[in-house]
Structure formats: structure tokens, C-alpha cells
Amino acid sequence: MTENPPTKKLNQKIRVVLVDDDSDITTVLKELLELNNISVVGIGSNGMDAIELYQYHRPDVIITDLIMPQFDGFFAVREIKNFEANSKIIVYSGSESVNVSLLKRQGVSAIIQKPYQIDRLLNAINETLGINVVRLHR
């Protein structure tokens, strides 16, 4: 018997974990995402937080910075993918030298350059989840 993958209902909020060592960024992103009917279920500041929050919350998608002190986003991506190969991960970075092909090989769903734009992030969430329930509210 083949099971169909779970689908998001139109009234069901997308659940997201945010990870960035800059609390100003996570505060702004959280507000913008919640204005667009996306539930931020956890916020972390390094790669270890990302792993723990992912395992605890099992979000629809995790959004993480790459360059962070202690455990970085590269570490988080690798460990989350080892834990759950089908995890959906969006990374963003201000670095121009990000190795896009390496990140794609590791299973990253989308890569966004800083400074981020909420339209790009919402589009990345839609594409990553294969749904179109996120609507930009300004």
C-alpha cells in the first residue's frame, strides 16, 4: 500500500525554525513571517541550536544563516540531513563566496543572499514545500 505524502491545508500554518546569531534579524524575520501566516516555532543562534530545535519541533522548514560562531550553518545542514534526509532547509548568507553547488549536494532546498527580501524568502518557502499557500501581506 502506497501512502500519499502529507499536504498542507489552506488554513494550516507552515511551521518554521529560524537560526541566526544576529537577534535583530531573527526578530524582524519572525514578525514578517508571522504577518504572512507562518508560525515560527523556534529561534536559535547557532548550528547546535538549529539541530536541537529541528529535532524537537520537526518544522516544515528551517531557515538558517551559514556563518555563525561556535557551530555554523554548514554543520547544522549536515547534521539535520543525517538525522532526517527529507528535511527542508533554506540557508541565507551575506558572503559572496558561498559554495552553492556544495550546499545543493548536501540537500539545501534554497539559498538566499543577504540582505534578504521577504518576497524572495516567501517564494523560497513556497518552492521548497511545493505549495502555494504563502501570500505576501504588506
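Just so it is clear, the structure is predicted and the values come from calculations on it, not from any experiment. (Residues numbered from 1 in each chain as written. Predicted model: local features only at pLDDT ≥ 70, side-chain atom pairs only at ≥ 80, totals over all residues. Heavy atoms only, no water.)

## As for the confidence of the model for the protein
The predicted structure's coordinates, where accompanied by low pLDDT, should not be read in detail.
(1) Moving on: Confidence along the protein averages 86 in pLDDT terms, with 86% of residues attaining 70 or more.
(2) Moving on: For the stretch residues 1–7, pLDDT sits under 50, and the model shows 1 contact to residues farther than four places along the chain or on other chains. (pLDDT = per-residue confidence, 0-100. Contact = heavy atoms within 4.5 Å.)

## Here's the deal with the sheet that holds strand 2 (residues 38–44)
(1) Moving on: Read from one edge to the other, the open sheet built from 5 strands follows the order 2-1-3-4-5, with strand pairing classed as parallel. For this open sheet the edge positions go to strand 2 and strand 5 (110–113), each flanked by a neighbour on one side alone. Geometrically, the sheet is characterised by an average inter-axis angle of 20° between neighbouring strands, direction not taken into account.
(2) Moving on: In this sheet, strand 2 lies alongside strand 1 (residues 14–19) in parallel orientation, the contact comprising 6 bridges. Bridge pairing links arginine 15 to serine 39 in strand 2.
(3) Moving on: Here helix 1 (residues 23–35) sits on the sheet and contacts strand 1, strand 2, strand 3 (61–65) and strand 4 (89–93); the angle it forms with strand 2, its principal contact strand, is near 165°.
(4) Moving on: Against the sheet, helix 5 (residues 118–129) engages strand 1, strand 2, strand 3, strand 4 and strand 5, with an angle of about 175° to strand 5. (Pairing = 2+ DSSP bridges. Helix = DSSP H or I, 4+ residues; strand = E, 2+ residues; numbered from the N terminus. Axes fitted to C-alpha atoms, helices over the stretch in contact; angles between N-to-C directions.)

## Some words on the packing of aromatic side chains
(1) Moving on: On inspection of all chains with the given rule, the structure shows 2 aromatic pairs.
(2) Moving on: Ring plane angle 85° and centroid distance 6.4 Å describe the contact between tyrosine 54 and phenylalanine 83, whose orientation is recorded as edge-to-face. Here tyrosine 54 is found in helix 2 (residues 47–57), whereas its partner phenylalanine 83 is found in helix 3 (residues 73–83), with 29 residues between them in sequence.
(3) Moving on: Of the residues examined, tyrosine 54 reaches a relative accessible area of 2% and is grouped as buried.
(4) Moving on: In this structure phenylalanine 83 comes out as partly exposed when scored by relative accessible area, which is 36%.
(5) Moving on: Between phenylalanine 71 and phenylalanine 75, the aromatic rings sit 4.9 Å apart at their centres with planes inclined by 35°, giving tilted as the arrangement. (Phe/Tyr/Trp six-rings, centres within 6.5 Å; stacked < 30°, edge-to-face > 60°. Buried < 20%, exposed > 50% of the residue type's maximum accessible area, 1.4 Å probe, protein only.)

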